[in-house]
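Inside the fold
What follows is the residue order along each chain.
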Amino acid sequence: MDEVRKMLLLVTEKHQLFKQQQFSFIAALERSREHAYHRTQPVSTVTQVQRYMTHHCSNATDRRIFSLFLDIMDTLKAMFQKMEFLASVQNHSSKALDTCRNVFSPDCDFSRFQAHYPHDAVNRLSCNEAQNYYGGVVSVIPRTLDLLGITLSELEQASTETIYQTEITASEQRTAAENTENMPMQSSKPACTAADGWKPAWRPPGRRRM
């Protein structure tokens, strides 16, 4: 869990750097889409951005900002895989995790994603850019970060509840064991009784019955 938390902090810092370069990212997409003759198509998948960087990137600056975007997405995917494993170990189900699973599926189309408050990525686009081309690609990182943050909180809470329940069970077992040890011991020697179950009255030794 600590490793995942550190990864979340790291990717959040990278996202802050990416946000500062959003205009450069949009400009790089504009140039790559024009070079690929995709001017009428929205940016809808991670694979599309990867293809732009590999085949339609015109300069080192564009390649650097594409690389930052893809690096963030790779880190988010690695976080998702670790959280998915932790959730399976804890037998925990999560709607946020299910949504992330869809985001990282190969055929995910995020062109209709919209990051909402407190994120301002979409607000920094023009209406035409936000509605038709780039609203999804600038929203996929903040939206996925939110979902993974929710999942991490759920897993930490589930882990705390599991530890608490384990401690209660162990305490109950210790109490039961202590109560068993403190029970009075009963003699294993059977009482002397007559054949018909009647026990004769006690008589002092040394005297015979006349």
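All values derive from a computational prediction rather than experimental measurement.

The rules behind the values
- Residues numbered from 1 in each chain as written.
- Predicted model: local features only at pLDDT ≥ 70, side-chain atom pairs only at ≥ 80, totals over all residues.
- Heavy atoms only, no water.
- Helix = DSSP H or I, 4+ residues; strand = E, 2+ residues; numbered from the N terminus.
- Contact = heavy atoms within 4.5 Å.
- Areas by Shrake-Rupley, 256 points an atom, 1.4 Å probe, with all protein chains shown as cover.
- Polar contact = N/O pair within 3.5 Å; in protein donor to acceptor, adjacent residues only side chain to side chain.
- Buried < 20%, exposed > 50% of the residue type's maximum accessible area, 1.4 Å probe, protein only.
- pLDDT = per-residue confidence, 0-100.
- Arc of directions from axis to C-beta.
- Phe/Tyr/Trp six-rings, centres within 6.5 Å; stacked < 30°, edge-to-face > 60°.
- Lys NZ or Arg CZ within 6 Å of the ring centre and 35° of its normal.
- Axes fitted to C-alpha atoms, helices over the stretch in contact; angles between N-to-C directions.
- Parallel < 35°, antiparallel > 145°, perpendicular 65-115°, else oblique.
- Left-handed = near helix turned anticlockwise from the far one by under 90°.

1. Remarks on the overall build of the chain
- From N to C terminus, the chain includes 7 helices and 0 strands.
- Shown N-terminal to C-terminal, the secondary structure of the chain runs as helices and strands in the order α-α-α-α-α-α-α.
- Within the chain, contacts between residues at least 6 apart in sequence are counted, and of these 72% link residues at least 24 apart.
- On the chain, roughly 14,200 Å² of surface is accessible, and the fraction owed to carbon and sulfur atoms is 53%.

2. Topic: the environment of Asn132
- Mapped onto the elements of the fold, Asn132 is located in helix H6 (residues 127-132).
- Along the sequence, Asn132 and Gln41 sit 91 residues apart, while their C-alpha atoms lie 8.1 Å from each other.
- For Asn132, the side chain forms a polar contact with the side chain of Asn128, separated by 2.6 Å.

3. Looking at unusual backbone geometry
- Even without glycine at this site, Tyr37 takes up a positive phi of about 60 degrees.
- Among the structural elements, Tyr37 can be located in the loop between helix H2 (22-35) and helix H3 (46-55).
- Judged by its relative accessible area of 75%, Tyr37 falls in the exposed class.
- Backbone geometry at Asn91 places phi at a positive 55 degrees, although glycine is not the residue there.
- Assignment of secondary structure puts Asn91 in the loop between helix H4 (60-89) and helix H5 (95-103).

4. Here we look at the confidence of the model for the chain
- Residue-level pLDDT values for the chain average 83, and 77% of them are 70 or greater.
- Here helix H7 (residues 140-181) is the element of the chain with the lowest mean pLDDT, 75, and H3 is the one with the highest, 95.

5. Re H3
- Inspection of H3 places Gln48, Val49, Tyr52 and Met53 among the buried residues, and these make up the whole buried set. Burial along H3 is one-sided: seen end-on, the buried residues are contained in an arc of 135 degrees.

6. Section: the packing of aromatic side chains
- Under the defined criterion, the tally for this structure stands at 7 aromatic pairs.
- On the basis of an interplanar angle of 85 degrees and a centroid distance of 6.0 Å, the ring pair of Phe25 and Phe66 is categorised as edge-to-face. Here Phe66 lies in helix H4 and Phe25 lies in helix H2, a separation of 41 residues in the sequence. Grouping residues by exposure puts Phe25 and Phe66 together as buried.
- Three or more aromatic residues joined by ring pairs make a cluster, and in this case those are Phe18, Phe25, Phe66 and Phe69.
- A cation sits over an aromatic face here: Arg124 above Phe23, 5.8 Å from the ring centre.

7. Some details on the packing of H3 against H4
- Closest axis-to-axis distance for the H3/H4 pair is 10 Å, and the angle between their directions is 150 degrees. On the basis of their axis angle, the class for H3 and H4 is roughly antiparallel. You can see that H3 and H4 cross each other, and the crossing is left-handed. Here Val46, Val49, Gln50, Tyr52 and Met53 of H3 come into contact with H4, specifically with Arg63, Phe66, Ser67, Phe69, Leu70 and Met73.

8. Regarding the environment of Thr54
- Residue position: Thr54 is located in helix H3.
- Looking at Thr54, its side chain comes within polar contact range of the main-chain oxygen of Gln50, at 2.9 Å.

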